[in-house]
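Take a look at the letters that make up each chain.
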Amino acid sequence: MNAYEQTALSELVSWKKKIAKKSGMLERMSKKAQIKVNSYIPNRVHKVIADSIKSMVDAVLSGSKYMSKEKNVMLLSLQQKEDWVAETIAAYRKTAVIEGVGTGAAGLLIGLADFPLLLSIKMKLLFEISRLYGFDPNKYEERLFILHIFQLAFSSEEKKMETLRFIEEWDSENVHEINWQEFQQEYRDHIDVIKMFQLVPGFGAAVGAYANHHLLEHLGETAVNCYRVRLLTK
């Protein structure tokens, strides 16, 4: 293991500790506030989110929408792969910010379009990252792994730990199927309260830009560490 891989492994250990760390009182209070705010969100917003997630899961499992161009990474070192991954995350983050500004500036009706659009951006990013690490998302088991990355990034503490265990014990011969209803509920409950302010005319653009930047950054970090689990600890 070279110096870069040792550093990456150390970062992976720190990331796992962060995942396992229990929420502080402030975070727990924020979660309660979020649940309360969710109860005031119009049903049509919840329906848009639920329908968007179901469509996304169906598209991922069928392999019908998110296929990316094959990347020739066989001869690349982990550092070279991760340099490419970092550039890719930055590009998708920029796209998400621009999209968040556009839909956030329009208020509720157009703002609702941000949810399926952002899901598509997130999923395309994960397919790109999968290829850059040398895995083939044409394979069903790799698409399931991508969904587990997504679930780990956007779920409750309890579900995060359960999903992390799946990833640490990942076996392509014995894959864990996704319960899409639980999947969409976890995602919906995880969405930051601030994301909902994107639907408010006037300052939705600024909120949309900030929220999308944060969500893509978080998803990218989660994906990087999930693939490090497979490459550095197996």
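Nothing here was measured: the structure is a model prediction, and the numbers come from that model. (Residues numbered from 1 in each chain as written. Predicted model: local features only at pLDDT ≥ 70, side-chain atom pairs only at ≥ 80, totals over all residues. Heavy atoms only, no water.)

1. Re the packing of helix α7 (residues 140-153) against helix α9 (residues 180-190)
Stage number 1. Close contact between α7 and α9 brings their axes to 9 Å; oriented N to C, the two are set at 35°. Helix-helix and strand crossings are classified by hand; for α7 and α9 the assignment is left-handed. Contacts between α7 and α9 pair Leu147, Phe150, Gln151 and Ala153 from the former with Glu182, Phe183, Tyr187 and His190 from the latter.
Stage number 2. A breakdown of the residues in the contact of α7 with α9 according to their chemical character gives five nonpolar, two polar and one charged. (Axes fitted to C-alpha atoms, helices over the stretch in contact; angles between N-to-C directions. Helix = DSSP H or I, 4+ residues; strand = E, 2+ residues; numbered from the N terminus. Left-handed = near helix turned anticlockwise from the far one by under 90°. Contact = heavy atoms within 4.5 Å. Nonpolar A, V, L, I, M, F, W, Y, C, P; charged D, E, K, R; others polar.)

2. Side note on α7
Stage number 1. Between its first and last C-alpha atoms α7 spans 20 Å; for 14 residues at 1.5 Å apiece the expected length is 20 Å, and the two agree.
Stage number 2. Most of α7 is tucked away: 12 of the 14 residues are buried.
Stage number 3. Among the residues of α7, Glu142, Arg143, Leu144, Phe145, Ile146, Leu147, His148, Ile149, Phe150, Gln151, Leu152 and Ala153 are the ones counted as buried. (Expected span 1.5 Å × (residues − 1). Buried < 20%, exposed > 50% of the residue type's maximum accessible area, 1.4 Å probe, protein only.)

3. Quick notes on the confidence of the model for the protein chain
Interpretation of this model should avoid reading the predicted coordinates in detail wherever pLDDT is low.
Stage number 1. Summarising the model, the protein chain shows a mean pLDDT of 81, and 75% of its residues fall at 70 or more.
Stage number 2. The element-level mean pLDDT for the protein chain is lowest in helix α5 (residues 108-111), coming to 50, with helix α1 (residues 3-20) highest at 95. (pLDDT = per-residue confidence, 0-100.)

4. Overview of α1
An α-helical turn contains 3.6 residues, so a residue and the one three or four places further along point in the same direction.
Stage number 1. An ideal rise of 1.5 Å per residue puts 26 Å on 18 residues; α1 measures up with 26 Å between its terminal C-alpha atoms.
Stage number 2. Taken together, the buried positions of α1 are occupied by Ala8, Leu12, Trp15 and Ile19. Taken around the axis of α1, the buried residues stretch over an arc of 65°, which confines them to a single face. Exposed residues pointing more than 90 degrees away from the buried face of α1 are listed as Ala3 and Lys17.
Stage number 3. Of the residues flanking the start of α1, the one acting as N-cap is Asn2, its side-chain oxygen 3.1 Å from the backbone nitrogen of Tyr4. (Arc of directions from axis to C-beta. Polar contact = N/O pair within 3.5 Å; in protein donor to acceptor, adjacent residues only side chain to side chain.)

5. A short note on the packing of aromatic side chains
The description of an aromatic ring pair uses the distance of the two centres, along with the angle that the planes make with each other.
Stage number 1. Evaluated as defined, the whole model comprises eight aromatic pairs.
Stage number 2. With centroids separated by 5.1 Å and ring planes inclined at 65°, the aromatic side chains of Phe150 and Phe154 adopt a geometry described as edge-to-face. Each member of the pair Phe150 and Phe154 is classed as buried.
Stage number 3. Seen in terms of ring centroids, Phe150 and Phe183 are 5.4 Å apart; in terms of plane orientation they differ by 20°. Their pairing is stacked. Residue Phe150 is located in helix α7, and its partner Phe183 is located in helix α9; the two are separated by 33 residues in the primary sequence.
Stage number 4. Judged by relative accessible area, Phe150 falls into the buried class, the value being 1%.
Stage number 5. For the cation-ring pair, Lys122 lies above Phe154, with the distance from its terminal atom to the ring centre recorded as 4.2 Å.
Stage number 6. Note that Arg230 overlies the ring of Phe135, its terminal NZ or CZ placed 4.1 Å from the centroid. (Phe/Tyr/Trp six-rings, centres within 6.5 Å; stacked < 30°, edge-to-face > 60°. Lys NZ or Arg CZ within 6 Å of the ring centre and 35° of its normal.)

6. Looking at the pattern of salt bridges
Stage number 1. Inspection of the entire model under this criterion finds 10 salt bridges.
Stage number 2. In this structure, Asp136 engages Arg131 in a salt bridge whose closest nitrogen and oxygen atoms are separated by 3.5 Å.
Stage number 3. Look at Arg131 and you get buried, because its relative accessible area is 8%.
Stage number 4. Linking Glu182 and Lys159 is a salt bridge whose minimum nitrogen-to-oxygen distance equals 2.8 Å. With Glu182 in helix α9 and Lys159 in helix α8 (residues 157-168), the pair connects residues that are 23 residues apart, well separated along the chain.
Stage number 5. Among the residues examined, Glu182 registers a relative accessible area of 33% and is labelled partly exposed.
Stage number 6. Among the ionic contacts, a cluster of salt bridges with common partners joins Glu11, Glu82 and Arg228. (Salt bridge = Lys/Arg side-chain N within 4 Å of Asp/Glu carboxyl O.)

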